[in-house]
Amino acid sequence: KGIDSFYNPSIKSSNFRLVFYGPVSNPQVMIGDNLYGINITINAGEYAVIDSMAEKIYLVDLNGNKEDIFNKRYKGQNVRIYAKIPNGLSTVSWSSGFEFDLIVYDERSEPKWG
C-alpha cells in the first residue's frame, strides 16, 4: 500500500483530473477523507480518467477510443467521485501495483500576487 501526502496551495478546494494507468483492476485512491475509484480492469497501455471539472469518467483504450465508465464508479458513504481536492495538506493512500497522476487546477478570479 502506498501512503503519501499532497499539498494543495490553492485558497479553496480545487477541481482535479485523476488518471489511472493500466494494468490494474479496480483502482482506488483515498485523498483526505474521500475515496476515488472505479470498478473496472484497465489493461496495459490503457488509462482511465476521473475529471471533476467536466464531471466525466472515461476509459481510453489502445486505439484511443473513449468509453464512458461513469456507471463503474465506486459508490457508497465517503465516496463523492467529483469532490474537489481540499486546500492545504491531505493524506493520500492507494493500493500499490499501479501508477496514477493527480492534476489539480488552481482556479482564481484574480492573478496570484507575487
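Residues numbered from 1 in each chain as written. Predicted model: local features only at pLDDT ≥ 70, side-chain atom pairs only at ≥ 80, totals over all residues. Heavy atoms only, no water.

Caption draft 1: Local environment of the nonpolar core. Membership of the largest hydrophobic core comes to 23 residues, with the highest contact counts inside it found for F20, V29 and I50. Looking at this core, the elements that each hand over two or more residues are strand 2 (16–21), strand 4 (28–31), strand 7 (47–51), strand 8 (56–60) and strand 10 (88–94). Examining the composition of this core, we find that three residues originate from one element, strand 2, more than from any other. (Core = buried A, V, L, I, M, F, W, Y, C linked by side-chain atoms within 4.5 Å. Buried < 20%, exposed > 50% of the residue type's maximum accessible area, 1.4 Å probe, protein only. Helix = DSSP H or I, 4+ residues; strand = E, 2+ residues; numbered from the N terminus.)

Caption draft 2: How the structure looks around the pairing of strand 5 (residues 34–37). The two faces of strand 5 match: N34 and Y36 on one face and L35 and G37 on the other face are all buried. For strand 4 and strand 5, the ladder comprises four bridges, and the chain directions are antiparallel. Bridge pairing links I31 to N34 in strand 5. Between strand 4 and the antiparallel strand that follows it, strand 5, lie two residues; G32 among them carries a positive phi value of about 65 degrees. (Pairing = 2+ DSSP bridges.)

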